[in-house]
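# Observations on the model geometry
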Amino acid sequence: MLRLIKINLRLRIFSPLFLLGCGAALTVGIVSGRQVAYVGTLHMTPTPLFAALITAVISAVFGIGDEFAFGTVRNKLICGVNKPIFYLSQLTASLIMGVIFFLLAEVPYFLMGYGSFFGKLFTAELLVRGGVLLGTAMLFCTAIAVFICFIVRNRAASLIVCTAAAAGLALSAVSLSRSLRYSEYEIIPVQELRFNPDLGEDDLVTVDEKTVLREEYVREPVRTVMYTALKLDPVSSIMSALDIIRADEFEIDVRSLEKIEAECEKLRTGIGRFKKDADYIRDSLVNSVYYPLWSGGAVILLTVIGVLIFKKRDTN
Amino acid sequence: MEYVLQTKDLTKRYRKYKALDGITMNVPKGSVYGLVGRNGAGKTTLMRVVCGLQEPSGGSYSIYGVDYSDRKIAASRRRMGAVIEKPAIYLNMTAKQNMKVQYSLLGLPSDDGIDELLDLVGLADTGKKKARRFSLGMKQRLGIAVALAGSPDFLLLDEPINGLDPQGIVEIRELILKLSREQNITVLISSHILSELSLLATHYGFVDKGRLIKEISAEELEKQVRKSMKVKVSDTRALSRVLDKLGLEYEMISDSEGKIYGSISVTQLTTALMDEGCELLTVTEADESLESYFIDLVGGENVVETH
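Summary of the structure given here. In this text, all values refer to a predicted model and were calculated from it rather than measured experimentally.

All names here are of chain B. Ordered in space as E6-E7-E8-E3-E9-E10, the 6 strands form an open sheet in which the pairing is mixed. Looking at the sheet topology across the chains shown, the edges are occupied by strand E6 (80–83) and strand E10 (211–217). Averaged over neighbouring strand pairs, the angle between their axes works out to 15° when direction is ignored. Across the sheet, helix H5 (residues 136–148) lies against E6 and strand E7 (154–158), angled at about 160° from E6, the strand it touches most.

Structure follows, in structure tokens:
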């Protein structure tokens, strides 16, 4: 297995595509870092992550696609490598490449933005949480790409399916998140029409506010299903990381987990309550650190399915 | 006899289609086993199954006496090399780089032997030229060199001369003969170009519609396809006596017909038969070739390329 991983890595590292990918990831990381350093911002940009993710997926598609296109997968199987080992070695090599691209894109971005943005606005705990969410999401997306490559076995088709899968995962995460964001109740101002004796005419006067059930709120059992789907989607980890590393322009103190928790509590009881669903917001900002366990579990299941399919299917 | 590969009732189904239908074959050690069959007969499928690329739907096979379901089969597979359909090489690499990858895959401690192998297949001077720019023959030879990495003693070649020019065909043929004679490598080679196969094979397996219809050694085949004369006489006992007297090799194929091998003067035979009171009714010269033998076996016309 180790020997196969080494061979796969060597094949990919000595390919011109690797240098191109490294260059692209590094450039995007540096350019995004410079923007943070000189222009300033209050939120983390996902651009370096996307650059790293795209290069990692392309590297996986070409690395695995070449094995099928050139027929060299046969050499491995003929000399006694079993199919699960071949799949896992390709997966491991793709994940290692993913880590390389991730570090190349994110490290310069983070270092350049640390003095003016990250270090000033966020605690180390939040930054680590954000980093873990981004890193794991990227690795899981790469593992999904590897699964697609083994099922499709064609470079061009794999790229198309990977793009469609990425769009599907992103759209579903955004739409699920929007649906789940609504609180069960909302507060609406109650306006009454009263006669104004001074002016001798009717006037609108707000006298109170009323708590009413919100129609958009997703109720059980659909809510649980949607919640589960959201947690299984690695893109929700990326969205959560982007929400965590986001500051308010009126904030003076460094943003911390405690502060986020207090904000969530306000949504439940304080001013602005029922603006959004407090449980969902708390989940996506505080408990999201467990999201990778869900999406990771789904990816492991997908990998097992991929291995079984590859093992069962004939190789030509 | 020691066998490198043995299959028993080997079956491979693709949904309802049976690509292999109970093939039982034996490849003796040190032989060049020619797998003969028309396109779609099941030759490539058989090789894919034997190489572990595809799982059999039924039956079994063993390599060096190890059953395919045994865990030790991986070790047996390491003793074989194969080129199936098209050479499995990285087109974006040079010949030497391809060899290095295969050496690493096999866990060979050093790259010693790569130059010798490339020299053996006539690719020692390709330098930095990428395999993408190789001719079909060169790619085929590189595929064989890759298959030869790790010094296997069993080589499977599926249609290795397909699409090659005459020069390429000669090169591949000489290479296979060299490997068989000098390195005692057992070769299982499939082809539908029988004239080429007849220059190499020591054993034949005739495949049709997924079934092995005949397994025969080249020696036996030669006996069956060599020049002969079919004679029809009024008395086969008299014919036997005459042929014994003349010291000729023959066989009786019916109660009125006999097959005489070698060349014989018809006048001499007629006179001798007359002396025995036997009448010579018809004489037919038969010069059966490998192609006609194969066609006789499977039936049909133009089933193989004869070149």
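Next up on the list: the environment of Ser62(B). Residues and elements named next belong to chain B. If you trace the backbone, Ser62 turns up in strand E4 (residues 58–63). C-alpha of Ser62 to C-alpha of Lys209: the two residues are 147 residues apart in sequence and 22 Å apart in space. The residues contacting Ser62, other than those within four sequence positions of it, are Val4, Leu5, Gln6 and Asp67.

Successive residues of a regular strand alternate their side chains across the two faces of the sheet. Residue and element names in this part refer to chain B. Of all 5 residues in strand E13 (residues 257–261), 4 are buried, a share of seventy percent or more. Note: strand E11 (residues 228–233) against E13, 5 bridges, orientation antiparallel. Residue pairing for E13: Ser228 is matched across the bridge by Tyr261. Taken together, the 3 bridges between strand E12 (residues 250–252) and E13 define a ladder with antiparallel strand orientation. If you follow Glu251 over to E13, its bridge partner there is Lys259. Between E12 and E13, which pair antiparallel and follow one another directly, the connecting turn spans 4 residues.

In this section: empty space enclosed by the protein. The tally for this structure, following the rule as stated, stands at 4 cavities of 30 Å³ or more. Lining the largest cavity we find 18 residues, and of these Gly81(B), Ala82(B), Gln102(B), Val146(B) and Ala147(B) sit closest to its centre. Elements represented by at least two residues in the lining of the largest cavity include exactly helix H4 (73–78) of chain A together with E6 and H5 of chain B. The element contributing the most residues to the lining of the largest cavity is E6(B), with 4 residues. For the lining of the largest cavity, the residue count by class is 12 nonpolar, 5 polar and 1 charged.

Conventions used here
Residues numbered from 1 in each chain as written. Chains lettered and ligands numbered in written order. Predicted model: local features only at pLDDT ≥ 70, side-chain atom pairs only at ≥ 80, totals over all residues. Heavy atoms only, no water. Pairing = 2+ DSSP bridges. Helix = DSSP H or I, 4+ residues; strand = E, 2+ residues; numbered from the N terminus. Axes fitted to C-alpha atoms, helices over the stretch in contact; angles between N-to-C directions. Contact = heavy atoms within 4.5 Å. Buried < 20%, exposed > 50% of the residue type's maximum accessible area, 1.4 Å probe, protein only. 1 Å grid on protein atoms, 1.4 Å probe; cavity = no way out; pocket = protein on both sides within 12 Å on 5 of 7 lines; lining within 4 Å. Points joined across faces, edges and corners; volume = space filled by probe spheres on them. Nonpolar A, V, L, I, M, F, W, Y, C, P; charged D, E, K, R; others polar.

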